[in-house]
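Understanding the architecture of this molecule
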Amino acid sequence: MPSDQKPFELKADSFSFPTLYLLSNDIDAINESLERQVAKAPGFFLHAPLVFDLSRLPQACTEVDFPMLVGMTRGQGMTPIGVRGGTPLQQEGARLMELAILGDSRGENPKRTAKKPARGDASEEARQQQRGETAAAPAESKIITRPVRSGQKVYAAGGDLIVLAPVSSGAELMADGSIHIYAPLRGRVLAGVKGNEKARIFCQNLGAELVSVTGRYMISEDYPESLIGKSVQVYLSEDHLKIESL
Amino acid sequence: MARTIVITSGKGGVGKTTTAAAVGMGLALRGNRTVVIDFDVGLRNLDLIMGCERRVVYDFVNVINGEARLNQALIRDKRCEDLYILPASQTKEKEALTKEGVGQIIHELSEHYDYIVCDSPAGIEHGAYMAMYYADDAVVVTNPEVSSVRDSDRMLGILSSKSKRAENDEEPVREFLLLTRYNPARVEAGEMLSVGDVQEILALDLLGVIPESTAVLNASNSGIPVVLDQNSEAGQAYADVVGRYLGEDLPHRFLEVQKKGLFDRLFGG
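Reading guide: rules and limits
- Residues numbered from 1 in each chain as written.
- Chains lettered and ligands numbered in written order.
- Predicted model: local features only at pLDDT ≥ 70, side-chain atom pairs only at ≥ 80, totals over all residues.
- Heavy atoms only, no water.
- Helix = DSSP H or I, 4+ residues; strand = E, 2+ residues; numbered from the N terminus.
- Buried < 20%, exposed > 50% of the residue type's maximum accessible area, 1.4 Å probe, protein only.
- Contact = heavy atoms within 4.5 Å.
- Areas by Shrake-Rupley, 256 points an atom, 1.4 Å probe, with all protein chains shown as cover.
- Axes fitted to C-alpha atoms, helices over the stretch in contact; angles between N-to-C directions.
- Parallel < 35°, antiparallel > 145°, perpendicular 65-115°, else oblique.
- Left-handed = near helix turned anticlockwise from the far one by under 90°.
- Buried area = accessible area lost by both parts, 1.4 Å probe.
- Salt bridge = Lys/Arg side-chain N within 4 Å of Asp/Glu carboxyl O.
- Polar contact = N/O pair within 3.5 Å; in protein donor to acceptor, adjacent residues only side chain to side chain.
- Pairing = 2+ DSSP bridges.
- Core = buried A, V, L, I, M, F, W, Y, C linked by side-chain atoms within 4.5 Å.
- Phe/Tyr/Trp six-rings, centres within 6.5 Å; stacked < 30°, edge-to-face > 60°.
- pLDDT = per-residue confidence, 0-100.

1. With respect to the overall build of chain A
The helix and strand tally for chain A stands at six helices and 15 strands. Relative to its 246 residues, chain A shows a buried fraction of 48%. Summarising the internal contacts of chain A: among those between residues at least 6 apart in sequence, 41% fall at separations of at least 24. About 12,900 Å² of surface is accessible on chain A, with carbon and sulfur atoms providing 52% of the total.

2. As for the environment of B:R150
Relative to the elements of secondary structure, B:R150 occurs in helix 7 (residues 146-162). Residue classification places B:R150 among the partly exposed positions, given a relative accessible area of 42%.

3. Looking at the packing of helix 6 (residues 126-133) of chain B against helix 7 of chain B
Residue and element names in this part refer to chain B. Look at helix 6 against helix 7: their axes get within 10 Å of each other, and the N-to-C directions meet at 60°. Our classification of the angle between helix 6 and helix 7 gives oblique. In the packing of helix 6 onto helix 7, the handedness of the crossing is right-handed. For the pair formed by helix 6 and helix 7, the contact residues are A128, Y129, M132 and Y133 on the first element and M155, I158, L159 and K162 on the second.

4. A look at the interface of chain B and chain A
Across the contact, 16 residues belong to chain B and 12 residues belong to chain A. Buried area between chain B and chain A, summed over both chains or domains, comes out near 1,200 Å², and the portion from carbon and sulfur atoms is 42%. On the chain B side of the contact with chain A, B:R150, B:D153 and B:R154 bury the most area, a combined 33% of that side's loss. Applying the counting criterion to the chain B and chain A interface returns four salt bridges. Of the charged contacts in the structure, one is a salt bridge between B:R150 and A:E209, with a shortest N-O distance of 4.0 Å. Counting across the chain B and chain A interface gives eight residue pairs in polar contact (both at pLDDT 80 or more).

5. Re the sheet that holds strand 4 (residues 100-102) of chain A
All names here are of chain A. Read from one edge to the other, the open sheet built from four strands follows the order 1-2-3-4, with strand pairing classed as parallel. What marks the edges here is a single partner per strand, and that holds for strand 1 (19-21) and strand 4. Neighbour to neighbour, the strand axes of the sheet diverge by 35° on average, direction disregarded. With three bridges connecting them, strand 3 (residues 79-84) and strand 4 associate as parallel partners. Bridging across to strand 4, G82 finds its partner in A100.

6. What about the side chain of B:S213?
All names here are of chain B. In this fold, S213 is placed in the loop between strand 8 (205-211) and helix 11 (214-222). A residue is classified by how much of its surface remains accessible, and S213, at 12% relative accessible area, is buried. Among the polar contacts made by the side chain of S213, one reaches the main-chain amide nitrogen of A215 at a distance of 2.9 Å.

7. Some details on the nonpolar core
Residue and element names in this part refer to chain B. Ranked by size, the top nonpolar core spans 50 residues in total, and within it F39, F60, L97, V102 and L109 carry the most contacts. With sequence-adjacent residues up to four places away left out, L109 is seen in contact with V35, I37, L70, L74 and I116. Counting 40 residues, the second-largest nonpolar core is a separate cluster that includes V14, V36, M50 and A219.

8. Comments concerning the pattern of salt bridges
All names here are of chain B. For the structure shown, the criterion picks out 19 salt bridges over all chains. Close ionic contact of D77 with R79 constitutes a salt bridge, the shortest N to O distance being 2.8 Å. Exposure remark for D77: the relative accessible area of 6% places this residue in the buried category. Look at R79 and you get partly exposed, because its relative accessible area is 38%. The partner of D240 in a salt bridge is R244, and the shortest N-O contact between them spans 3.9 Å. Note that D240 and R244 are positioned in helix 12 (residues 233-245) at a spacing of four residues, about one turn of the helix. Neither D240 nor R244 differs from the other in exposure class; each is buried. Beyond isolated ion pairs, a larger network of salt bridges with shared partners links R3, D137 and R174.

9. Observations concerning helix 6 of chain B
Each full turn of the α-helix corresponds to 3.6 residues, which orients residues three or four apart in the same direction. Within helix 6 of chain B, six of the eight residues are buried, which leaves the element mostly enclosed by the surrounding structure. Considered for burial, the residues of helix 6 of chain B that qualify are B:G127, B:A128, B:M130, B:A131, B:M132 and B:Y133.

10. Side note on the packing of aromatic side chains
All names here are of chain B. Under the counting rule described, the total for this entry stands at five aromatic pairs over all chains. Look at Y115 and Y245: their rings are 5.9 Å apart centre to centre, the planes differ by 70°, and that puts the pair in the edge-to-face class. Of this pair, Y115 sits in strand 5 (residues 115-119) while Y245 sits in helix 12, and the two are 130 residues apart along the sequence. Take Y115: its relative accessible area is 15%, and that puts it in the buried class. Using a relative accessible area of 10% as the deciding quantity, one classes Y245 as buried. With a centroid separation of 6.0 Å and an interplanar angle of 75°, the aromatic rings of F176 and Y245 are classed as edge-to-face.

11. Re the pairing of strand 2 (residues 34-38) of chain B
All names here are of chain B. Burial analysis of strand 2 places five of its five residues in the buried class, the great majority of the element. Residues T34, V36 and D38 of strand 2 are buried on one face, and the alternating residues V35 and I37, pointing to the opposite face, are buried as well. Alignment of strand 2 against strand 4 (residues 83-86), held across four bridges, turns out to be parallel. Note that in strand 4 the partner of T34 across the bridge is L83.

12. Some words on the confidence of the model for chain A
Taken as a whole, chain A shows an average pLDDT of 81; of its residues, 84% reach a score of 70 or greater. Below a pLDDT of 50 lies the segment residues 107-135 of chain A, which in the model reaches 61 contacts outside its immediate sequence neighbourhood of four places, other chains included.

So this is what it looks like as structure tokens:
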């Protein structure tokens, strides 16, 4: 390779990671509950990067057994990458396990963390702490007219996503607002990724690999038989994901 | 100004090189000055399929590194004077292909040729990126089975985001579907995806359907692009593909099960 070529480019990119909000430091209880969650969609969690949020740990839980926590999540196929929040003591423990200490983003966007509870059972308590109102009026919607192919991701930041071309299996649609699909749909669809609970998914034929609103998700195996291939909407009703024919 | 066509797939063994050889020959037979470039550095095959393996002196990487001039590396086909082959290097690493080096060669070739056919390696690694980066048109070679279809889909995604045209926000690469190893009998038996199934998933213009045929293997083994075997269905289908690519409106053939006699079963293509 010629020497005048740059060996790399350094950029600041933003990602959204699944975040485990610890509500207790009982590793066994977490393990059990997480195991059930992973069993529902093993593919979704496999090799998924994972962040531990310590901000909701009760005061009494001064110590967290990070070696156990990291070992347990790795054992379930995930890749823990860092922690957020917590006391200096807890952060020191995390650092010893080579977890990154991530900045607290809540200062800039109060919605982001407060409204994105961990997936599954552990989030029962978390939901009580959620704030009631959703974000201000969404930005302009994004319209996609070319096929979204396997491996491609489309993200509509701040607003809705409207797709007029086929979405292949292995492709991913994400939006802060709602997502509308007017063509064959076989990929994954994640609406309200920053916690907008009013976000919905509308599609003409339910064939998505996965649908999710604010992180509450359902995989294709779990769709009601009668709705597969039908024109449906997906929304949150009392914290549960509902699929309803249109 | 030449048009650059990439023959790509994602998955290996679906018939990219066979297609590159057949399309290159087909275009040249119609009087277009055509060059076929093998991008599969380290696993070169195009020279074998084109029957010029004994005439390779310099290769693509030699030219990029300035060790040979382009004219020294180009091999003129013995059967068709408008067809040239630029072989890949068998001894170098794929990383020897640099974006600037490939760009320079494509630019130089485009002044003297009508069509530049780029035979992409399998996978979505560096070599495949280099093969598709400068493409104006893409022929996505797909077998009628699910893993090949998914890989093609992935490759189409890369084409629409990582090609030079996509990066510069120019008119997108024209994409065509070429279905190869199509066996109507197995489709009828439900063992193979049909043309309709594949088109529904990929949502792409169908450039052609090449029937599964022993003629393809025979042609490869003897170094004769199958399009020259006009007695075979595969050869005729490839000739149609070239015609359609050039804008002719031809019906798709060989999609139905042919009733064959015993003689055809034994010796037919």
